[in-house]
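Coordinate inspection notes
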Amino acid sequence: MKQKDKIESLFAIAFIEKDKKNFRESKKKFNKILSNINSLEAKHHLSEIHLLEKDFFLAKIYVEELIANNYKLADNLNKLGVILSSEKNYSEAIIFLEKSLNISPDDLHVQKNIAYNYRLNLQYTEAEEVYKGILYRHPGDIENLRNISNLYFILGKTFSGFKFLLKAYKADENNYKTILNLIARLPYIKIKSKKNLALLKRIIPKKNSSEIEKTFINEEKNTKMYNTNNDKCLKLGFVSGDFFSHPVGYFLFDFLRILKKYNVEIHMVSDKKNTDSYTREIKRGSHKWIDIHSIENLKAAEKIKRHELDLLFDLSGVTNSPRRNLFAHKLAHKSVSWMGWLASTGIPNIDYIYGDKYATPDEDQPKFIEKLINKNSIWCCLSTSDILQVNQKINLNSKYFVYAMFQNPLKMSHKLIAAWSEILNKTNNTKILFANRLYESDLIKNRILKLFSYYKVDKNRIDFSKQMKRKEALECYNSTDAVLDTFPYNGGTSSFEASFMGVPIITLNDPKHIMFRCGVSINSNLGLEKFIANNEAEYVSKAILLAEKKDPILRQDLIEANRKSKLFDMENFAKNFYDTCLNLS
């Protein structure tokens, strides 16, 4: 066979394997082509495969060479922007995406990519402008409707965010991503609990989603029977894309090492390539590492099922994970939602949700389609070995009583700002310190200041702190006196960390809301029920009383007492967790 014919044959096979998503074989063929000729076309396809596999390092090498040779320039500038975005280099990503857009101004994918990076770079005005442009030209684009919705939720424009999300849902009521977005956004919507639950039940897919119909209906027929003999090793799996310096990593850091002492086999199912000291510790705490970050859902499901797990814990829930519909498949003997999402997932194949007797009492069962696990005292336990060196030098000389709000501004509402304004207006020498990466955006800061000014609060009583490394963020609590918990969506990780630093938390118990009662659980486990309010008026009065009776000894007492609590007793938590798993399996 002549070389030209041989090359054409290799290309044909490579294209077929690529279309079949058999990337391993496709790469072999393209690399064989490159061993014979210097083909930019082969390099172009290899760059696409490496991008699909999320191997950004190799993809970048090919893409930069293709750009240098002006090969399919617009497409490769876009790909370079995607790669830089994956490296969290959003400003540089925008530069290349803008160059791509100048060449192909009508390319919808580039438009969406640049808007996405504007949003991640906190350039919200620019992101909104691009999204609106797409909306004008493609009013029925469901992905864009969801993107606009997400942007408005970040900006605190809850009504607008929900409006666009409903438009996406009405455009295709079977779209699983939209359905899960709706479930995720329900906690932020100001509608009564009964309406929340009615909407939740209406949008949970039964037989109307083509993607999951084949699994919800047919999967049961093909599922193997799993071992339930408690005398044998219990096989536990944990699924997440957050096995790194992330709240999931913070909770697992000590937990897996201690759980490993029991008769268990720990399988970590990872959906991201991120690697740091937390990733390494989580790997050491596991027996098997299952990497699914570069494969599609169906193949990922098959890979997980081969491990024949007794229990599989979903640590993401209805968040921004691309694997939200993975549990449309029957992946293990039983599946449990834990840690990453503090409300019902709305996914029929998830059997249980891991709560506790305070956060999810028996009377809350109607809020969940999963069966509640609520016999233990606390639903989570924060690792401490990684933060024991944090400096705890409490600032006792400040003339101000400083309230802390270190949570995501997404959890804020007009009702919450009104309550906080009342607290500030009825006290002297008080301030609120907001700390979160999103406060790097002047747009968000100015919006918050505008809301406070509506209630006649001087802007000098509102302070902002930009995103810090975790150690610095924890030490920032040293300059605060109390946390004002968000409601109805309470703080989670931030409240554990505040408690570790000895900062009391004023929280509101809202039994009508669909979310976990996190603040109630944390304060009950700390023996600080006096800081749990049963209505908004009580919430305000408790916060005011704490400022009026500023106790310099309280913080130090709480540091010592809190660390002995169940919030940080990982040995006890791991034992209870194991015992619970035995009962479930």
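Here, every reference points to the structure presented above.
Within each chain, residues carry numbers counting from 1 in the order of the written sequence. Selection of residues for local features in this predicted model requires a pLDDT of at least 70, selection of side-chain atom pairs for listing and counting requires 80 or more, and totals for whole chains, interfaces and linings are taken over all residues. Processing note: side-chain calculations cover all non-hydrogen atoms of the structure and skip hydrogens and water entirely.

Quick notes on the packing of helix α5 (residues 73-86) against helix α7 (residues 108-120)
It is the contact of α5 with α7, at a shortest axis distance of 11 Å, that shows an interaxial angle of 25°. Classified by the angle their axes make, α5 and α7 are roughly parallel. Our pair here, α5 against α7, has a crossing hand that is left-handed. In contact with Asn78, Val82 and Ser85 of α5, α7 contributes Val110, Asn113, Tyr116, Asn117 and Leu120. Ten residues, namely Ala, Val, Leu, Ile, Met, Phe, Trp, Tyr, Cys and Pro, are considered nonpolar, four, namely Asp, Glu, Lys and Arg, are considered charged, and the remaining ones, Gly among them, are considered polar. Looking at the contact of α5 with α7 residue by residue, the class counts come to four nonpolar, four polar and no charged. Only the stretch in contact is used when a helix axis is fitted, and all axes are lines through C-alpha atoms; the angle between N-to-C directions ranges over 0 to 180 degrees. Only DSSP runs of H or I with at least four residues qualify as helices, and only runs of E with at least two residues qualify as strands; both kinds are numbered from the N terminus onward. Between 65 and 115 degrees an angle is taken as roughly perpendicular, under 35 as roughly parallel, over 145 as roughly antiparallel, and anywhere else as oblique. Left-handed describes a crossing in which the near helix is turned anticlockwise from the far one by less than a right angle; the clockwise case is right-handed. Any two residues whose heavy atoms approach within 4.5 Å at even a single point are treated as in contact.

Looking at the packing of aromatic side chains
Between rings of Phe, Tyr and Trp, where Trp is taken as its six-membered ring, a pair exists when centres lie within 6.5 Å; planes separated by under 30 degrees are stacked, by over 60 edge-to-face, and by other angles tilted. Taken as a whole, this structure holds 37 aromatic pairs when the rule is applied. Each ring, one from Tyr354 and one from Phe577, has its centre 5.3 Å from the other, and the planes form 35°; the classification is tilted. Remark: Phe577 occurs in helix α24 (residues 570-584) and Tyr354 occurs in strand β6 (residues 352-354); sequence separation between them is 223 residues. Residue class for Phe577 comes out buried when judged on its relative accessible area of 0%. A centroid spacing of 5.0 Å and a plane angle of 90° characterise the contact between Tyr454 and Tyr455, whose relative ring orientation is edge-to-face. By the ring-pair criterion, three or more aromatic residues cluster together here, those being Phe238, Phe255, Phe313, Trp338, Tyr354, Phe573 and Phe577. Whether a charge sits over a ring depends on NZ of Lys or CZ of Arg being within 6 Å of the ring centre and within 35 degrees of the ring normal. Against the face of Trp289 rests Lys283, its NZ or CZ located 5.0 Å from the ring centre. Lying across the ring of Tyr489, Lys411 places its NZ or CZ 4.4 Å from the centre. For each residue, the accessible area found with a 1.4 Å probe, counting protein chains only, is set against the maximum for its type, and the residue is called buried under 20%, exposed over 50%, and partly exposed in between.

What about the environment of Val82?
Relative to the helices and strands, Val82 resides in helix α5. Taking the C-alpha atoms as reference, Val82 lies 28 Å from Ile282; in sequence the two are 200 residues apart. Setting aside anything within four residues of it in sequence, one finds Val82 in contact with Leu51 and Asn113.

Some details on the side chain of Ser39
Within the fold, Ser39 resides in the loop between α2 (23-36) and α3 (40-52). Dropping the residues within four chain positions of it, Ser39 is found in contact with Phe11, Ile33 and Leu34.

Let's talk about the packing of α2 against α3
For the pair α2 and α3, interaxial distance at closest approach is 10 Å and the crossing angle is 155°. Classed by the angle they form, the pair α2 and α3 counts as roughly antiparallel. Judged by the twist between their axes, the crossing of α2 over α3 is left-handed. Side by side, α2 and α3 meet where Phe23, Ser26, Lys27, Phe30, Asn31, Ile33 and Leu34 of the first sit next to Ala42, Lys43, His45, Leu46, Ile49, His50 and Leu52 of the second.

Looking at the pairing of strand β5 (residues 334-337)
Across a regular strand the side chains alternate sides, sitting on one face of the sheet and then on the other. Any two strands with at least two DSSP bridges between them are considered paired. Here strand β4 (residues 311-314) pairs with β5 via four bridges, running parallel. Following the sheet pairing, Leu312 is matched in β5 by Ser335. As paired strands, β5 and β6 are joined by two bridges and run parallel to one another. Among the inter-strand pairings, Val336 is bridged to a residue of β6, identified as Tyr352.

Things to note about the nonpolar core
As used in this record, nonpolar core signifies buried Ala, Val, Leu, Ile, Met, Phe, Trp, Tyr and Cys residues forming a set joined through side-chain atoms within 4.5 Å. In this structure, Phe238, Trp338, Trp420 and Tyr539 are the most contacted members of the largest nonpolar core, which totals 130 residues. Of all the elements, helix α14 (residues 247-259) adds the most residues to this core, at nine residues. Val269, Ile292, Phe327 and Ala332 belong to the second largest nonpolar core, which has 25 residues in total.

Structural measurements only, silent on function.
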